[in-house]
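# Inside the fold
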There are 2 protein chains.
Amino acid sequence: MSLKPIQIAVDCMGGDIGLPATVTAAYQFAQQHADTRFLLVGDVAAIEARLRALGCRDSSWYRLVPASEVVAMDDPVEVALRRKKDSSMRVAVQAVKNGEANACVSAGNTGALMAISRYVLKTLDGIDRPAIATSIPNQKGGATTVLDLGANVDCSAEHLLQFAIMGAALVTALYGRDRPSIGLLNIGEEVIKGNEVVKQAAVLLRHSGLNFYGNVEGDDICKGTVDVIVCDGFVGNVVLKSIEGLARMVSSMMHAEFKRNWLSMAAGLVARPVLQRFRGRVDNRRYNGAALLGLKGIVIKSHGSADAYAFGNALQRAREAVYNGLLEGTATAVEQIRRSLSAANVQAVPPDETVSPPSSVPGA
Amino acid sequence: MSLKPIQIAVDCMGGDIGLPATVTAAYQFAQQHADTRFLLVGDVAAIEARLRALGCRDSSWYRLVPASEVVAMDDPVEVALRRKKDSSMRVAVQAVKNGEANACVSAGNTGALMAISRYVLKTLDGIDRPAIATSIPNQKGGATTVLDLGANVDCSAEHLLQFAIMGAALVTALYGRDRPSIGLLNIGEEVIKGNEVVKQAAVLLRHSGLNFYGNVEGDDICKGTVDVIVCDGFVGNVVLKSIEGLARMVSSMMHAEFKRNWLSMAAGLVARPVLQRFRGRVDNRRYNGAALLGLKGIVIKSHGSADAYAFGNALQRAREAVYNGLLEGTATAVEQIRRSLSAANVQAVPPDETVSPPSSVPGA
């Protein structure tokens, strides 16, 4: 099947590594995917130098787009948005807005990318707030998609419902999963189950027509109980970073133990193939590429520390999202669910399902 | 130094394992600590049978306290509190209330234990809500104490301040750490930094006289950046379970890789001492024993799945808390901090530090 080639705008200057990651990944990706062309955005001379270093002689797969500024990883959002109007990040997002590109990918500062994308592209009809979604490898050998990861704090039940719609559309586009299952992140056995917003969101989700599994807990992320887990951006951000922190600790402690003395180093050599297979299974570079959802355009955020392999996976996500109609899928779902809820006459707090106040402990 | 012996009431029937974990742990603990006596609460005949099986002939270290009911792991809080008034859990907590025991330890249902403890013991003066705190092994070889873990959702800034006071007193009592550092769990680089409650809590903490480090992020738990991390119980619960979920996934995947074929099994044999040392370093049984803080009595919650080794560590926490005056330390700190804040004339939202509303993206 021959598909019409798509264009991906790459912010070549973003991320901790910059050009050696971004341009290398685009070059390799183009060699493997004849259906994908690139707008390489940034310092044109530096990009050309990098392409020469890669031995690239074919210029049919890319177009160079100059941008004179770079958003630094620690630039405040205001600086990125107001002062650096010719940043590689901004120009790449603008290319999506102008219809020159079908998607854009950046490894730059998340806050800046979200603010610029939101300002330039605007949100889809029916979506109040864009959200950030990523996929975390799970025990079933797949990945659990979690959102929001920090674009929104103090979310309402309605926002959580919108995250569910966007997350489901993303999983369908990226992994071809029809009617993905949705879990609502909640707390379990302890005294008080869930806060008010989560309780109300459960009511909306139950009537939405989405494939709502019900409440899930923190350990369901790695268990792979559901395809999509929705939560407030504060919670999602803290959870994601906590998990990353533990993963780094485990990896560095394991490394230290195998380097402790010559005996353990010898054991490490023997166990190497096994350890490498293990690392491959938990390697989150495979799932690099968080999606900025709810915008009138596809924007993929690569991890700042991504190497060429990881950045290539972010490009892959952008390509899948374009070919599988992520935006159209989201828009259709928003409309369908609005109708379902309206038909069921469900509001955030329906009169028949009273929500009890945070329990004081009842008399015994 | 000879200390006056203390009494620990043990809910012998609680937890997934029950007597083989609880009674065994108490027996071993008493053999190592002449300063610690036990009230063994539960089915007296079953406890005696277990003591015989352990070969225990000395009865000087314990007193049997009958209780005719058991709180099941899946009992709703209401059932545990209202219907099972002669449960081993309730009787053990009551022993603390009556002054017969200095602390109680249970591996039973967390929600039930919190509800019963709160009902029977009441909260300390100046503490609005009790909280649950646990210690998570960190990269520095110590542990990070995190609270609340699920007793409270929808916390106010004032509640987070109280958690900080209680957490600091706990770390001082358990680990002898003077003026432990306190971090406020927040989100980082993304668009919006923190919700309103967290921003207000930071103001209170800055003026509290506590050793406030500032905001920390999810990965600081495992990094060991601070001694104590405070957060809403919803967030803490989800984070703890997410971390446990990842730890289980890593462990089971590693196990699977070393069992894959005879070659990897041989490698596993060679690497065994290294892997065991690694497991020892991340073994969270060492830190078993969550503290129910803010009550007029010391209550330690063991993990439900605790074996005798893990339960023994929960007993150790109870002993440390008693000998190091956790309750007095907390009460003194509450009073001191009340005075500091009053002297600084700080309220939750001081007039000079305006809190901006959740940012809409500013015009570029």
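Cut-offs used in this document
- Residues numbered from 1 in each chain as written.
- Chains lettered and ligands numbered in written order.
- Predicted model: local features only at pLDDT ≥ 70, side-chain atom pairs only at ≥ 80, totals over all residues.
- Heavy atoms only, no water.
- Least-squares fit on C-alpha atoms with pLDDT ≥ 70 in both.
- Contact = heavy atoms within 4.5 Å.
- Core = buried A, V, L, I, M, F, W, Y, C linked by side-chain atoms within 4.5 Å.
- Buried < 20%, exposed > 50% of the residue type's maximum accessible area, 1.4 Å probe, protein only.
- Phe/Tyr/Trp six-rings, centres within 6.5 Å; stacked < 30°, edge-to-face > 60°.
- Lys NZ or Arg CZ within 6 Å of the ring centre and 35° of its normal.
- Helix = DSSP H or I, 4+ residues; strand = E, 2+ residues; numbered from the N terminus.
- Pairing = 2+ DSSP bridges.
- Expected span 1.5 Å × (residues − 1).
- Polar contact = N/O pair within 3.5 Å; in protein donor to acceptor, adjacent residues only side chain to side chain.
- Salt bridge = Lys/Arg side-chain N within 4 Å of Asp/Glu carboxyl O.
- Axes fitted to C-alpha atoms, helices over the stretch in contact; angles between N-to-C directions.
- Buried area = accessible area lost by both parts, 1.4 Å probe.
- Domains from an automatic or database assignment.

For the pair of chain copies, the relating transformation is a rotation about an axis with a translation along it. At an RMSD of 0.0 Å, chain A and chain B line up after a rotation of 180 degrees and a shift of 0.0 Å along the axis. In symmetry terms, the pair is related by a two-fold rotation axis. Of the residues that chain A buries at the interface, 99% are likewise interface residues in chain B, meaning the two copies contact each other through the same surface.

Let us look at the nonpolar core. Taken as a class, soluble globular proteins show a tendency for nonpolar side chains to be buried jointly. With 260 residues, the main nonpolar core has Phe 38 of chain A together with Phe 38 of chain B as its most contacted residues. Not counting residues within four places of it along the chain, the set of residues in contact with Phe 38 of chain B comprises Gln 7, Ile 8, Val 10, Ala 26, Phe 29, Ala 30, Trp 61, Tyr 62, Arg 63 and Leu 315 of chain B.

Moving on, we come to the packing of aromatic side chains. Residue and element names in this part refer to chain A. Tallying each qualifying case throughout the model produces 8 aromatic pairs over all chains. Pairing Trp 61 with Tyr 62 gives two aromatic rings, centres 4.7 Å apart and planes at 70 degrees, and the pair type is edge-to-face. One exposure class covers both Trp 61 and Tyr 62, and it is buried. Aromatic ring contacts, followed pair by pair, group Tyr 27, Phe 29, Phe 38, Trp 61 and Tyr 62 into a single cluster. Sitting above the plane of the Tyr 119 ring, Lys 122 keeps its charged end 4.7 Å from the centroid.

Turning to the environment of Ile 229 of chain A, a few remarks are in order. All names here are of chain A. Within the fold, Ile 229 resides in strand 9 (residues 228-230). Under the relative-accessibility criterion, Ile 229 is labelled buried at 0%. Note: C-alpha distance between Ile 229 and Lys 259 (30 residues apart in sequence) is 38 Å.

Right, let's get into the pairing of strand 3 (residues 62-66) of chain B. Strand direction decides the pairing type here: strand 2 (residues 36-42) of chain B and strand 3 of chain B, joined by 5 bridges, are parallel. Bridge pairing in strand 3 of chain B places Val 41 of chain B opposite Val 65 of chain B.

Side chains of residues three or four places apart in an α-helix project in the same direction, reflecting 3.6 residues per turn. All names here are of chain A. Here helix 5 (residues 110-121) contains 12 residues, and its C-alpha end-to-end distance of 16 Å stays within 8% of the 16 Å for a straight helix at 1.5 Å per residue. Across the 12 residues that make up helix 5, a large majority, 10, are buried. Along helix 5, the residues classified as buried are Thr 110, Gly 111, Ala 112, Leu 113, Met 114, Ala 115, Ile 116, Ser 117, Val 120 and Leu 121. The N-terminus of helix 5 is capped by Asn 109, whose side-chain oxygen sits 3.1 Å from the backbone nitrogen of Gly 111. Phi for Lys 122, located one or two positions after helix 5, is positive at around 70 degrees.

Under the defined criterion, the tally for this structure stands at 22 salt bridges over all chains. Residues Lys 241 of chain A and Glu 217 of chain B are paired through a salt bridge, measuring 2.5 Å at the closest nitrogen-oxygen approach. Taken together, the residues Lys 241 of chain A in helix 9 (residues 233-258) and Glu 217 of chain B in the loop between strand 8 (211-216) and helix 8 (220-223) connect one chain to another. By relative accessible area, Lys 241 of chain A is classed as buried at 12%.

Attention shifts here to the sheet that holds strand 3 (residues 62-66) of chain A. All names here are of chain A. Reading across the sheet, the 11 strands line up as 3-2-1-4-11-10-5-6-9-7-8 and stay open at both edges, with mixed pairing between neighbours. Of all the strands in the sheet, just strand 3 and strand 8 (211-216) have a single pairing partner and so form its edges. With strand direction ignored, the average angle separating the axes of adjacent strands in the sheet is 25 degrees. Relative to strand 2 (residues 36-42), strand 1 (residues 6-11) runs parallel, the two sharing 6 bridges.

Moving on, we come to the interface of chain A and chain B. Of the residues lining the interface, 74 residues belong to chain A; the matching set on chain B comes to 73 residues. Of the roughly 7000 Å² buried where chain A meets chain B, counting both sides, 70% is carbon and sulfur surface. Connecting chain A to chain B are 4 salt bridges. Applying the counting criterion to the chain A and chain B interface returns 10 residue pairs in polar contact (both at pLDDT 80 or more). Within the residue set of the side of chain A that touches chain B, elements represented by two or more residues are helix 3 (77-83), helix 5, strand 5 (131-137), helix 7 (196-206), helix 8 (220-223), helix 9 and helix 10 (262-282) of chain A. If one sorts the elements of the side of chain A that touches chain B by residue count, helix 9 of chain A sits on top with 21 residues.

Right, let's get into the domain arrangement of chain A. Partitioning chain A into structural domains gives domain 1 (1-121) and domain 2 (126-291 + 326-350). When each unit is reduced to the centre of its C-alpha atoms, the spacing between domain 1 of chain A and domain 2 of chain A is 27 Å.

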